[in-house]
Amino acid sequence: MTFDVIATGSTGNAVVINDSILIDCGVPFKALEPVKKELKLVLLTHVHGDHFKPRTVRALHKERPTLRWGCCDWMVGPLLEAGVDKRVIDVYDPDLPAFLMYGPHISIRPQLLVHDVPNCGYHMIFTPEHEKRERMFYATDTATLDGVEAKDYDWYLIEANHAREELEARARAKMEKGEFAYEFRAASNHLSQEQAEDWIYRNIGPNGRYAFLHQHEQEDCRKK
């Protein structure tokens with residue numbers, strides 16, 4: 001499995017899996033130029049502007065009108081408003097435990113997440129012909145992963161928005177200056193690095209790998 005982080009964080013989110021599946025579309029259309037022709041599916045998580053940019057969605061659908069879009073029901077309205085044809089929208093039920101097949105080699109299941117708007121992550125299974133099956137779990141913008149299981153997966157792409165001690169220190173410094181401390185909101189709606197690490201270590205097997213996404217201080221998370 002390969003993944004290419006086009007962008008992650010509050011300025012925009014878009015990750016390409018195996019050169020063919022785009023998760024979230026919160027970047028300018030030109031940022032998709034290197035990958036857009038190979039895409040077979042776009043998965044959406046929630047409506048916040050750093051994950052869903054209507055102008056980019058509209059442009060991508062116009063250029064690739066048969067490209068399929070997968071989402072839970074809360075994203076159908078925004079997709080239709082952005083001009084996406086309902087015939088290319090696949091709606092997932094996060095309450096069903098079954099995986100949805102995309103051809104013979106890809107299976108997908110949404111995972112409900114806890115945020116200030118309806119949100120989901122994704123379990124994905126890749127079974128390429130004559131190659132080892134691989135499983136991946138993707139989750140960003142969530143207050144907790146308590147109750148979520150993804151045991152012994154091969155890859156975990158997980159939010160690690162902040163280090164708790166660092167965030168609290170910044171918030172205290174702002175409050176002492178009488179400034180608004182957005183850090184409290186971030187802490188209540190986003191996983192800290194400590195939470196992410198704890199969850200990963202409870203799920204990851206001996207051969208599993210992970211990458212942190214949506215970090216407050218951006219790093220180069222591009223992997224192959």
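This one's a predicted model, so the numbers in the text were calculated from it and none came from an experiment.

Let us now look at the overall build of the protein. When helices and strands are counted, the protein shows 5 helices and 12 strands. Expressed as a percentage of its 224 residues, the buried residues of the protein come to 51%. Intrachain contacts of the protein at a sequence separation of at least 6 include 53% that bridge at least 24 residues. Per element, the accessible surface of the protein, about 11,200 Å² overall, is 52% carbon and sulfur.

Soluble, globular proteins show a tendency: their nonpolar side chains are buried together. Core analysis: the biggest nonpolar cluster contains 24 residues, and Phe 3, Ile 17, Leu 43, Ile 108, Met 124, Met 136 and Leu 157 have the highest contact counts within it. When residues of this core are assigned to their parent elements, the largest contribution, 4 residues, is made by strand E9 (residues 119–126). In this structure Leu 43 touches Ile 21, Leu 22, Ile 23, Asp 24, Gly 70, Tyr 92, Ile 108, Tyr 122 and Met 124, once residues within four positions along its chain are discounted.

Below, the discussion takes up the packing of aromatic side chains. All told, the structure shown has 7 aromatic pairs when counted by the stated rule. Relative to Trp 155, the ring of Phe 3 has its centre 5.0 Å away and its plane inclined at 75°; by these criteria the two rings are edge-to-face. Remark: Trp 155 occurs in strand E11 (residues 155–159) and Phe 3 occurs in strand E1 (residues 3–7); sequence separation between them is 152 residues. Of the two residues, Phe 3 and Trp 155, neither departs from the other in class, the shared state being buried.

Attention now goes to the confidence of the model for the protein. Summarising the model, the protein shows a mean pLDDT of 87, and 83% of its residues fall at 70 or more. Between residues 216–224, whose pLDDT stays under 50, and residues either more than four places distant or in other chains, the model counts 19 contacts.

On the secondary structure map, Lys 36 appears in the loop between strand E3 (21–23) and strand E4 (41–43). Classification of Lys 36 as buried rests on a relative accessible area of 5%. Polar side-chain contacts of Lys 36 include one of 2.8 Å to the side chain of Glu 33. Reaching out from Lys 36, the side chain makes a polar contact with the side chain of Glu 63 at a distance of 3.0 Å. In this structure, Lys 36 is in contact with Phe 29, Leu 60, Glu 63 and Arg 64, ignoring residues within four places of it in sequence.

Before going further, it helps to spend a moment on the sheet that holds E3. The 6 strands lie next to each other as E1-E2-E3-E4-E5-E6, forming an open sheet whose pairing is mixed. Either end of the sheet is taken by a strand with one partner, and the two such strands are E1 and strand E6 (89–92). Along the sheet, successive strands turn relative to each other by an average axial angle of 20°, direction set aside. Examined bridge by bridge, E3 and E4 share 3 bridges and lie parallel to one another. Of the residues in E4, the one forming a bridge with Ile 23 is Leu 43.

With respect to the helices and strands, Arg 202 occurs in helix H5 (residues 193–203). Placed 51 residues apart in sequence, Arg 202 and Lys 151 show a C-alpha to C-alpha distance of 8.0 Å.

Attention now moves to unusual backbone geometry. Of all residues except glycine, most have a negative phi; of all peptide bonds, most are trans. If you check the backbone angles, Asn 18 has positive phi at about 50° while not being a glycine. Along the chain, Asn 18 turns up in the loop between strand E2 (14–17) and E3. The class of Asn 18 is partly exposed, set by a relative accessible area of 27%.

Of all the positions in helix H1 (residues 54–63), only Thr 56, Val 57, Leu 60 and His 61 are classed as buried. In an axial view of H1, the angular spread of the buried residues amounts to 130°, which keeps them on one side of the axis. Set apart from the buried face of H1 by more than 90 degrees, the exposed residues are Arg 55 and Lys 62. Where H1 is buried, its residues contact E3, E4, strand E5 (68–72) and helix H2 (76–81).

Turning to the sheet that holds strand E12 (residues 209–213), a few remarks are in order. Strand order in the open sheet formed by 6 strands is E7-E8-E9-E10-E11-E12, with mixed pairing between adjacent strands. This sheet does not close on itself; its edge strands, each paired only once, are strand E7 (100–102) and E12. This sheet shows a mean twist of 20° between the axes of neighbouring strands, independent of strand direction.

About the thresholds
Residues numbered from 1 in each chain as written. Predicted model: local features only at pLDDT ≥ 70, side-chain atom pairs only at ≥ 80, totals over all residues. Heavy atoms only, no water. Helix = DSSP H or I, 4+ residues; strand = E, 2+ residues; numbered from the N terminus. Buried < 20%, exposed > 50% of the residue type's maximum accessible area, 1.4 Å probe, protein only. Contact = heavy atoms within 4.5 Å. Areas by Shrake-Rupley, 256 points an atom, 1.4 Å probe, with all protein chains shown as cover. Core = buried A, V, L, I, M, F, W, Y, C linked by side-chain atoms within 4.5 Å. Phe/Tyr/Trp six-rings, centres within 6.5 Å; stacked < 30°, edge-to-face > 60°. pLDDT = per-residue confidence, 0-100. Polar contact = N/O pair within 3.5 Å; in protein donor to acceptor, adjacent residues only side chain to side chain. Pairing = 2+ DSSP bridges. Axes fitted to C-alpha atoms, helices over the stretch in contact; angles between N-to-C directions. Arc of directions from axis to C-beta.

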